[in-house]
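# Residue-level structural notes
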Amino acid sequence: MSCESPISPAVDPTASPLVPQGEGIALRDWLDADLPHMPSLFDVPDMAANTDLPSPFHADAFLVRIRRRRAQGIVDLAVTRDGREPLGLVALHGAIGVPGYAIGPAHRGRGMASRSLWLLTRFCHEELGFTRLRLSIVQRNVPSQRVAASAGYVRSDDDVVERPDGLGQPKLLETWQWIAPGTFA
């Protein structure tokens, strides 16, 4: 998956701290102090089925994973209301502008995912210069499709691809895309 960016990014998305804020959301780096919150956010069946987060979920391994991913240019940030308690995560593959999102079950239904995705999309466009972003969404994950649509993404005509989920089972992924206003696809 790729993203079109007319210029080199002025902001390094892997630099720490990266703290986009707006829409009643504050994104921030994950902290060791977040360990107690992680199981209730991520150790749930639909999280493993719709993401690549492994089940059973291990918070310590998650912190190791996100620190390793940052070195590879993929940034995982905690979704918060005020910079404190994590409610979910967003991810960004900074080199190609591929975002992702997941909100813990207790925090769903309040627009957190939509606002987080929109905040990350706006950051990618305004700060990093991307004119096109792509999401991969599990084919039957209607709630995630609604989140994408609410943030201005549309289903592309790209082929469905198969990837393993957090349980190691195959999942079918559709591509959704956001194209900056005034940009031709």
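What counts as what
Along each chain, residue indices are assigned from 1 in the same order as the chain's sequence is written. Totals for whole chains, interfaces and linings use all residues, but because this is a predicted model, local features are given only for residues with pLDDT of at least 70 and pairs of side-chain atoms are given and counted only at 80 or more. Excluded from the side-chain calculations are hydrogens and water; all other atoms, namely the structure's heavy atoms, are used. Grid spacing is 1 Å over the protein atoms alone, the probe is 1.4 Å, and a cavity is where that probe fits but cannot get out, while a pocket is an open set with protein on both sides within 12 Å along at least five of seven lines and lining residues have an atom within 4 Å of a point. Grid points are joined across faces, edges and corners, and a volume is the space filled by probe spheres set on the points. Where helices and strands are cited, they refer to DSSP runs of H or I of at least four residues and of E of at least two residues respectively, numbered from the N terminus. Values of pLDDT, the confidence the predictor places in each residue, fall between 0 and 100. In what follows, a contact means two residues having at least one pair of non-hydrogen atoms within 4.5 Å. Throughout, nonpolar core names a set of buried Ala, Val, Leu, Ile, Met, Phe, Trp, Tyr and Cys residues whose side chains join them through atoms within 4.5 Å. Between buried and exposed lies partly exposed: a residue is buried under 20% and exposed over 50% of the maximum accessible area for its type, with that area taken using a 1.4 Å probe on protein chains only. Two strands are said to pair when DSSP picks up at least two bridges between them.

A word on the layout of surface pockets. Looking at the largest pocket, its volume works out to about 1200 Å³. Along the walls of the largest pocket sit 42 residues, with Asn50, Thr51, Gly100, Tyr101 and Ser136 positioned nearest its centre. In terms of residue count, strand E5 (residues 98–103) provides more of the lining of the largest pocket than any other element does, six residues in total.

This paragraph deals with the confidence of the model for the protein chain. Confidence in the prediction for the protein chain averages 87 pLDDT; 89% of positions are at 70 or higher. Per-residue pLDDT, averaged within each element of the protein chain, yields its smallest value for strand E1 (residues 21–22) (80) and its largest for strand E7 (residues 154–155) (97). Predicted confidence for residues 1–11 stays below pLDDT 50, and this span has 29 contacts to residues more than four positions away or in other chains.

Before going further, it helps to spend a moment on the environment of Ala59. With respect to the helices and strands, Ala59 occurs in helix H3 (residues 59–71). Spatially, the C-alpha atom of Ala59 lies 6.8 Å from that of Pro39, the residues being 20 residues apart in sequence. With residues up to four places along the chain from it excluded, the contact list for Ala59 reads Leu35 and Met38.

Grouped together as the largest cluster of nonpolar side chains are 29 residues, with contacts concentrated most on Leu27, Tyr101, Leu135 and Tyr153. Among the nonpolar cores identified, the runner-up in size contains 16 residues, and Trp30, Leu41, Phe42 and Leu89 belong to it.

Turning our attention to the sheet that holds strand E2 (residues 25–29). Strand order in this open sheet of five strands is E1-E2-E3-E4-E5, and the pairing throughout is antiparallel. Edge positions in the sheet fall to E1 and E5, since each has one partner strand and no second. Alignment of E2 against strand E3 (residues 74–80), held across four bridges, turns out to be antiparallel. Counterpart to Ala26 in the pairing with E3 is Thr80.

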